[in-house]
Each structure stands twice: as structure tokens, then as C-alpha cells.
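For reference, the chains in residue letters:
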Amino acid sequence: MLSSPLTQPLAPFDGKAISAAARGFLAQPHHLLIDGKWVEGPDRIVTCDPATGLPLAEVHAGGAAQIDAAVSAARAAFESGWKSASPAQRSACLNRLAQLMRRDAAVLGELDILDNGMPAWLAGYTAEGGADLFEYYAGWPIRIEGVTTPPPPLPGAPEALTYTLREPLGVIGQIIPWNVPLSMACMKLAPALAAGCTVVLKPAEETPLSALWLGELIREAGFPPGVVNIVNGIGDVAGAALVSHPDVDKIAFTGSTQVGKHIIREAAADLKKVSLELGGKSPVIVFPDADLDLAVPALAMAAFFLQGQNCMAGTRVFLHEDRHDDILARLIAYTRTMTIGHGLDPASQLGPLISREHRKRVADYVASGIAQGATLACGGKALEGPGAFFQPTIFTHCHPDMRIVREEIFGPVMTIQTFDDGDLDAIAAQANQSDYGLSGSVWTRDLATAHKMVARIRSGHVSINCHSAVGPNIPFGGYKQSGWGREFGKEGLDLYLETKAVTVRL
Ligand code: TAP
């Protein structure tokens, strides 16, 4: 019953579907943005379309010297004006950038489709979502404010005043992954710029393109030179140089927990501040009374969205044992209808993995699941042909000690475990049996059960009858090894502000 390989042919893809704007951009040189100018780097990265394996563009890659130049430019821009720019000036730049992103949303989305493989339905949202973020944070500069608080006793001074100032933290190194390239760049840049910080951004080596288009929009929007610098490059080279640079005040990192831990160790040398958005292995708990017409497609998307290359992916599904067979059958049936293909084909729901190398890692996890006794219910194979496509995969009879259950696969692999009529604490203990705590969801019609479970799940983001709906105003980040700090909302702004307490003898 449980072997059901998905063998849909890939949707045909005609390379001519690429727009003239994107085609022209791919053909031009791709430099580094330092101090408002496009400059050459010492090395080159060839970026490929993961759906075809074909090269897209050659991109200049920076090393320690380019990071040093970018940090100097960011420091000069910070000291000479951006830190004290009026709220109106910062907001105007952020709003103009948002408008330009909406103008160029189609090509920005197209570049992420080509570079990352994401489907068009998602790419359309990421450019608009990035503009939403800049607009949201454009509303903050005028609202950055301190407090007045009772002063301490001052000898011989009956009257005194104490207040706090909120000041920009300084020069920020921002390092981002490849899974949602444009969104990642916007998530990092918008709050830092609103706070009055200046930035050196290092995009992922696999997906450098949309950040470069964004760099040109940042120039057009009127940000002063040096406020945003973009240095593509290799993590061990450009990323490492940024982390160890003595004139960087803070590193804001999104990526793997492994590299996050490495960054903490490196940043400890001069006690740089660090915020981290790391991995996840999120639980999805389906109670017997859940609305399955709603839940089944949503469960599939929670696990397979972006081919599972998504830190919030709901990859650990918990079903009541009485409903296991019914829900599994529905999940398999739904998964078989999912269309896989090139992101530029509007019919594609799922695209490729980021690379064939990553696909091999995912396949190794699938092999380990089988070897450790899980039952492969659906998928499990690479698709033939070019590119890095992999079938959406469902495992049943999973146990918490299996690697497929414990480790973040970052691929389209759902694991299913069961629970019985035990109390909510027992179910929550199963769900919390993870080093991670980024997201999670609870599916039930019973509001009391839902809220009791929310209180018991140790994650930064828990949804009821939906999974991981994020927005510019909703704090986002992880418990446990999923990270330090929260992005989005006011907490996202706080990541880039220092507090100064001032006492005045009157
Ligand atoms: P990583 O391998 O950690 O890479 C992330 C970034 O760090 C890349 O720009 C990478 O450069 C750079 N890097 C690598 N080694 C470095 C070093 N020694 N010093 C400084 N920078 C270094 O992650 P990934 O494979 O790109 O992305 C997948 C991971 O990101 C998953 O674990 C996923 O959960 C996590 N993620 C988390 C979130 C949130 S919000 N929590 C969101 C998305 C993704 P290269 O480009 O050269 O590799």
C-alpha cells in the first residue's frame, strides 16, 4: 500500500520565456556595490538555474579587501550623516525603495525564479512582500523614542532628570542564505536602515542576482553612498572577513545552525553583537476533530513549500492514531496532484532543490530513513532529467531517534508520528522533542485544545489551523537552537538600536 512513487513528467520549459529585462541583466557584468559605486572583485562565482543546471551569469566575488572597503564606506556613511539623518529623510528613502520594488516586481521575481528555482506564484509575492517590509519600516523612524524614568539620588542635587535615547547600533554585517534570496535581503535591510544603521550585505553564493538588482534600486532611491554595500562572495572568505572585521558592530545572520554557532565563536573575539535566524524542524499536530479539507492541502504545503527548503517547514507531523490511515491516504492523494516544474511555468507548484549537491544530501536522508526503519509512503526519488528536482516525500512509522525526524533536511520530506488519547502534556512533549523551536501549528476545531497546545509548544511562532503565516509586523524567530532575537515588527527594529541612559543634574 505504501509505495507510491510520484512520476509526473517535468513541465516543459522554453528558455525564451525569460523576459528581455532579465535577459539583458543576466548578460551584463555583475559587480560589487561599495560606497555607491559598482566595483570589480578579485574572483568570480558562476550562478546556475537549478531547474536546468545551466549557467545564468558570472558574478564578481569579494574577498577581505573588498569587505574592508565596504566596511570603511559604511562607517563613513554612518558617521557623516545616516545615523543623524532626520526620520523624514530615512522614511523617504525607504518608501522610494518600496515604490521602485513594486515597479520592478516582475523582474525581481524572475531573477529569484531563475537563481533559486522558486515557483512564480511565490516569486510574485516575494517582491511585493519586500516592498511591504520597506513601507512598514518607513513608518518607524519618527517613532523611535526613549523614556523618562525617575532619576537616581544625586548628592547635593534635589532635582534631576533621567531619560533614555535610542541610538543606531552602527555598521552591521548581514549574511543571508539562498532559500528566499530577495525576501532575506529585505528582511535584513529594512529594519537596520530605519534604525539609522549602515550595512554590508553578503548574499548567498548560490543566489546573488536579485540582491544586485536591489542594489541598483537602492542607488536610484537616493540612499547616500555607503549606507548599503553589497559584497557577493563565498561564506568562508567574504562572510568570514565580515564576521571578524574589527569595525563591524554587529552581525545579523540567517542560515544554518552550524554556521550560526561558528559565527558566535568568531564574533566572541571582540564581543560583536550577534542576532541569528537558524534552522527549524517544526511540529504540526492534527487532532481528530480537525477540518481535513482545510488541513490536508495545508499540511502538504507546510512541508513541501519551497521544496521544504524553508526554515519554518512543518516537517514533523503528529496524527491521532485513529485518524492516521485516513489522513495519510488523503495526504498521498493530494501530494500526487502537486505539479513540479520550472518556476517560470505558472502551473508549477513546486520547483527544484537549490542544486544537485543538495539533492544528494536529501536523497541520503531518505536512505537513512529507510535504513532506520521508517516506511516510505510516497515519493523518495530524484526526478530524471536536468536540474535538481526531487519528489515530495512522506514517511510513516517514524520515531524521534531517527535522523529524518531529528535533523533539518531542508528538502521535501515529511515525517509522520502518532499520538493516542494521552493528555496534552504528553503530546506536547513529543512535539517539543527537538533541538529547534522556530515554528509549529495545531489543527483542531476545539479552541480550548488549540490554545492549551500553543501554551505548551516551545517555538517562536505557533499557528492554529494555518501554518507559519508571517508579516512585517509579526515578530519572527526561534526558541532553542533556532536562533537569537526576533525579526519583523518593533522587535526587529530593536535588533539595530542601542539604549543610552542620560541623567542631568538640574
Ligand atoms: P549556511 O550554509 O549557513 O549559509 C548561510 C550564509 O552564511 C551564506 O551566505 C553562506 O555563504 C554564509 N557562510 C557560510 N560559512 C560562513 C562563514 N564561515 N562565515 C560567515 N558566513 C558564512 O545556510 P544555507 O545552506 O545557505 O541555508 C540553509 C539554512 O538556513 C537552513 O538551516 C535554514 O533553516 C536556515 N534558514 C533559516 C531561516 C530563519 S529565518 N530561521 C530562514 C531561512 C533559512 P555561502 O553563500 O558561501 O554559502
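Each chain carries its own residue numbering, running from 1 in the direction its sequence is written. Predicted model: local features are reported for residues with pLDDT of at least 70 only, side-chain atom pairs are reported and counted for 80 or more only, and whole-chain, interface and lining totals are derived from all residues. Calculation of side-chain values draws on the structure's entire complement of heavy atoms; hydrogens and water are dropped beforehand.

**Student:** Would you mind going over the packing of aromatic side chains with me for this structure?
**Tutor:** Centre-to-centre distance and the angle between the planes together describe a pair of aromatic rings. Geometry of aromatic contacts follows a simple scheme: Phe, Tyr and Trp rings, the Trp one being its six-membered ring, pair when their centres are within 6.5 Å, and the pair is stacked under 30 degrees between planes, edge-to-face over 60, tilted otherwise. Under the criterion given, the structure shown has seven aromatic pairs. Between Trp82 and Phe223 the ring centres are 5.6 Å apart and the planes differ by 50 degrees, which places this aromatic pair in the tilted class. Here the residue Trp82 occupies a position in the loop between α2 (64-80) and α3 (87-103), and Phe223 occupies one in the loop between α7 (209-221) and β9 (228-230), the gap between them amounting to 141 residues. The pair formed by Trp82 and Phe223 is uniform in burial state, with each residue classed as buried. An angle of 50 degrees between the planes, with centres 5.8 Å apart, marks the rings of Trp121 and Phe305 as tilted. Taken together, the residues span a long stretch of sequence, with Trp121 in helix α5 (residues 120-138) and Phe305 in the loop between α10 (292-304) and β13 (316-320) at a distance of 184 residues. Numbering of helices and strands runs from the N terminus, with a helix taken as a DSSP run of H or I at least four residues long and a strand as a DSSP run of E at least two residues long. Per-residue accessibility, obtained with a 1.4 Å probe over protein chains only, is compared with the maximum for each type, and a residue is labelled buried under 20%, exposed over 50%, and partly exposed between these values.

**Student:** What exactly am I supposed to notice about the nonpolar core here?
**Tutor:** Within soluble globular proteins, side chains that are nonpolar tend to cluster in buried spots. Joining through side-chain atoms within 4.5 Å is the link that ties buried Ala, Val, Leu, Ile, Met, Phe, Trp, Tyr and Cys residues into a set, and such a set is a nonpolar core. Counting residues in each nonpolar core, the largest one holds 75 residues, and the members touching the most others are Leu97, Met101, Phe134, Leu189, Leu193, Leu214 and Phe223. With eleven residues, helix α6 (residues 181-195) is the single largest residue contributor to this core. Counting residues in hydrophobic clusters, the runner-up holds 28 residues, among them Ala51, Leu299, Cys378 and Leu383.

**Student:** Would you mind going over the sheet that holds strand β22 (residues 497-505) with me for this structure?
**Tutor:** Strand pairs in the sheet, formed through backbone hydrogen bonds, run parallel or antiparallel to each other. When DSSP finds two or more bridges between two strands, those strands count as paired. Pairing is antiparallel across the open sheet formed by three strands, whose spatial order is β5-β6-β22. Pairing within the sheet leaves two strands with one partner each, and these edge strands are β5 (148-149) and β22. Here strand β6 (residues 160-168) pairs with β22 via nine bridges, running antiparallel. Residue pairing across strands places Glu167 opposite Glu498, the latter belonging to β22.

**Student:** Hey, could you run me through the sheet that holds strand β14 (residues 375-378) in this one?
**Tutor:** Here we have seven strands laid out as an open sheet, ordered β14-β15-β16-β13-β12-β18-β19, and mixed in their pairing. Each end of this open sheet is capped by a strand with a single partner; those strands are β14 and β19 (463-464). Where strand β18 (residues 441-443) meets β19, two bridges bridge the pair, whose relative direction is parallel. If you follow Val442 over to β19, its bridge partner there is Ile464.

**Student:** For this particular structure, what's the right way to read the site of the ligand?
**Tutor:** Nearness of a residue to a molecule or strand requires only that one of the residue's heavy atoms be within 4 Å of it. Contacts to the ligand come from 30 residues, most closely from Glu205, Gly235, Ser256, Leu278 and Glu408. Interatomic distance of 3.3 Å between a backbone N/O atom of Gly255 and an oxygen atom of the ligand. Residues adjacent in sequence count toward polar contacts only when both atoms are side-chain atoms; beyond that, a polar contact is any pair of N or O atoms within 3.5 Å, and within protein one must be able to donate a hydrogen and the other to accept it. Between the ligand and the protein, one listed contact pairs an oxygen atom with a side-chain N or O atom of Ser256 at 2.6 Å. About the coverage of the ligand: the protein hides 90% of its 920 Å² of free accessible area. Here the accessible surface of atoms and residues is derived via Shrake-Rupley with a 1.4 Å probe, and residues count as covered only by protein chains that are part of the display.

**Student:** Could you clarify how one ought to interpret the packing of α5 against α6 in this entry?
**Tutor:** Each pair of packed helices can be summarised by the angle the axes make with each other and by the distance between the axes. Where helices are involved, their axes are fitted lines through C-alpha atoms of the stretch in contact, as for all axes, and angles between N-to-C directions lie from 0 to 180°. With their axes 9 Å apart at the nearest point, α5 and α6 run at an angle of 10 degrees to one another. Compared by their axis directions, α5 and α6 come out roughly parallel. Between α5 and α6, the contacting residues are Thr126, Ala127, Gly130, Leu133, Phe134 and Tyr137 on the first element and Leu182, Ser183, Cys186, Met187, Leu189, Ala190, Pro191 and Ala194 on the second. Note that the term roughly parallel is reserved for angles under 35 degrees, roughly antiparallel for angles over 145, roughly perpendicular for angles of 65 to 115, and oblique for everything else. Contacts are residue-level and defined by heavy atoms, with any inter-residue pair within 4.5 Å sufficient.

**Student:** Hey, could you run me through α10 in this one?
**Tutor:** The α-helix winds at 3.6 residues per turn, so residues separated by three or four positions along the chain end up facing the same way. A rise of 1.5 Å per residue sets the reference length of α10, with its 13 residues, at 18 Å; its end C-alpha atoms lie 18 Å apart and thus fit the reference within 8%. Of all the positions in α10, only Leu292, Ala295, Val296, Leu299, Ala300, Ala302, Ala303 and Phe304 are classed as buried. The backbone nitrogen of Asp293 has a side-chain oxygen 3.1 Å away, supplied by the residue at the start of α10, namely Asp291. Looking one or two residues past α10, Leu306 carries a phi angle of roughly 55 degrees, positive in sign. The length a helix should cover is 1.5 Å for every residue beyond the first.

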